[in-house]
Amino acid sequence: MRLYAVVTLGGFRRYATYRMATFAGVFTNTVFGFILAYAYTALWDERPRLGGYDLPQAMTYVWLGQALLAACATIGGGFEDELIERIRTGDIAVDLYRPADLQLWWLAADLGRAVFQLLGRGVVPMAIGAFAFELALPRDPLVWLAFLGAVLLGLVVSFAIRFLIALSAFWLMDGAGAAQMGMLAATFFSGMLLPLNVFPGALGELARALPWSSMLQIPADVLLGKHTGWDLAGVFAFQAGWAVALLGAGRALQSVATRRVVVQGG
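About the thresholds
Residues numbered from 1 in each chain as written. Predicted model: local features only at pLDDT ≥ 70, side-chain atom pairs only at ≥ 80, totals over all residues. Heavy atoms only, no water. Helix = DSSP H or I, 4+ residues; strand = E, 2+ residues; numbered from the N terminus. Contact = heavy atoms within 4.5 Å. Salt bridge = Lys/Arg side-chain N within 4 Å of Asp/Glu carboxyl O. Buried < 20%, exposed > 50% of the residue type's maximum accessible area, 1.4 Å probe, protein only. Patch = residues over 30% accessible without salt bridge, like charges linked within 9 Å, V, L, I, M, F, W, Y side chains within 5 Å. Areas by Shrake-Rupley, 256 points an atom, 1.4 Å probe, with all protein chains shown as cover. Axes fitted to C-alpha atoms, helices over the stretch in contact; angles between N-to-C directions. Parallel < 35°, antiparallel > 145°, perpendicular 65-115°, else oblique. Left-handed = near helix turned anticlockwise from the far one by under 90°. Nonpolar A, V, L, I, M, F, W, Y, C, P; charged D, E, K, R; others polar.

A few words on the side chain of Ser-158. Here Ser-158 is to be found in helix H7 (residues 141–167). For Ser-158, the residues in contact, after removing those within four places along its chain, are Cys-72 and Met-215.

Another point: the pattern of salt bridges. All chains considered together, the criterion is met by nine salt bridges. A salt bridge links Glu-82 to Arg-14, with the shortest nitrogen-to-oxygen separation between them at 3.2 Å. Remark: Arg-14 occurs in helix H1 (residues 2–16) and Glu-82 occurs in helix H4 (residues 80–89); sequence separation between them is 68 residues. A relative accessible area of 33% places Glu-82 in the partly exposed class. The class for Arg-14 is partly exposed, based on a relative accessible area of 40%. Between Asp-110 and Arg-113 there is a salt bridge; the shortest N-O distance is 2.8 Å. Taken together, the residues Asp-110 and Arg-113, both in helix H6 (residues 102–132) and three residues apart, mark about one turn of the helix. When sorted by exposure, Asp-110 lands in the same class as Arg-113, which is buried. Each member of the salt-bridge network shares a partner with another, and the members are Glu-80, Asp-110, Arg-113 and Arg-162.

Okay, the environment of Arg-139 next. Within the secondary structure, Arg-139 sits in the loop between H6 and H7. What makes Arg-139 exposed here is its relative accessible area of 85%. With 70 residues separating them in the primary sequence, Arg-139 and Ala-209 have C-alpha atoms 29 Å apart.

Side chains of Phe-27, Val-31, Phe-32 and Ile-35 sit close together on the surface and give an oily, nonpolar patch of about 400 Å² of accessible area. Positionally, Phe-32 belongs in helix H2 (residues 19–46).

The subject of this paragraph is the environment of Val-256. With respect to the helices and strands, Val-256 occurs in helix H11 (residues 229–265). When the C-alpha positions of Val-256 and Met-215 are compared, they lie 28 Å apart, and in sequence the two are 41 residues distant.

Further remarks concern unusual backbone geometry. In the Ramachandran plot, Arg-49 falls in the positive-phi region, its phi being about 65° despite a non-glycine side chain. Within the secondary structure, Arg-49 is located in the loop between H2 and helix H3 (55–69). Positioned with a positive phi, Ala-73 is a non-glycine residue whose angle comes to about 50°. By the secondary structure assignment, Ala-73 is in the loop between H3 and H4. Classification of Ala-73 as buried rests on a relative accessible area of 3%.

At their nearest, the axes of H6 and H7 sit 10 Å apart, and the two run at 130° to each other. Considering the angle they form, H6 stands oblique to H7. Where H6 crosses over H7, the handedness of that crossing is right-handed. Contacts between H6 and H7 involve Leu-102, Gln-103, Trp-106, Leu-107, Asp-110, Leu-111, Arg-113, Ala-114 and Leu-118 on the former and, on the latter, Val-151, Leu-152, Leu-155, Phe-159, Arg-162 and Phe-163. Classifying every residue of the contact of H6 with H7 by side-chain character gives 11 nonpolar, one polar and three charged.

A word on the side chain of Glu-80. Here Glu-80 is to be found in helix H4. Among residues more than four places away in sequence, those in contact with Glu-80 are Arg-162 and Ala-166.

A few words on the packing of H1 against H6. Relative orientation of the contacting elements H1 and H6 amounts to 40°, with a least axis distance of 7 Å. Relative to H6, the element H1 is oriented oblique. Here H1 and H6 pass one another in a crossing that is right-handed. Across from Leu-3, Tyr-4, Val-7, Thr-8, Gly-11, Phe-12, Tyr-15 and Ala-16 in H1, the residues of H6 making contact are Leu-104, Trp-105, Ala-108, Ala-109, Leu-111, Gly-112, Arg-113, Val-115, Phe-116, Gln-117 and Leu-119. For the contact of H1 with H6, the residue count by class is 14 nonpolar, four polar and one charged.

This is a description of form; function is not addressed.
Shown next, in the form of structure tokens:
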């Protein structure tokens, strides 16, 4: 486990060196946060309590989405492009023969990246949003602790989805198409455009049952106090269940890909 802790720290340090990119990301997230905040304000003026949120809660949702956007790699910026390229060029064969688990290696590196993005690109836009708008931020430290737990589980689910997408490059000529489809699905079904609670009928039920809801919708509702007690335990179990299922699927696909590389190499 010490190896993967070092890899996590390395992932954090790697992205910490891109200072201008971080500054640009903070600026972009803040600008888009204001655009979304004013759009939400107009929508909530017409439809108060839409999705069960009052306006401060809706503003909190907006700025939390901007804080988690890069951390969850919702629209790219994670490890998947690099892994797809290594598969395409054949360099993945070297990785598979290393005395380290491929999935755990990339998970550790991606968590290091995500923590930096959360701190480097998430905190400042959230603070600016809190200064410019009335946000419904909790005062209870236990709520913040539960929120961080939901964020961590959401990051693992996000990684597991993107790992599966990246491994598809073993069977596709190019994994870019699958990655693009993954980004579209993540943007829509995570609640990044609109809270999933706003989606009507069966579409809303389906969206909230899919794993992408773990990335934003669930952490946001935890922060806003929508889940408490056994209900909070239930959403944690939901996130953990998806994480285990998707990581298990990724490990199975990794095993198939490894056998394929060994056969071809032999």
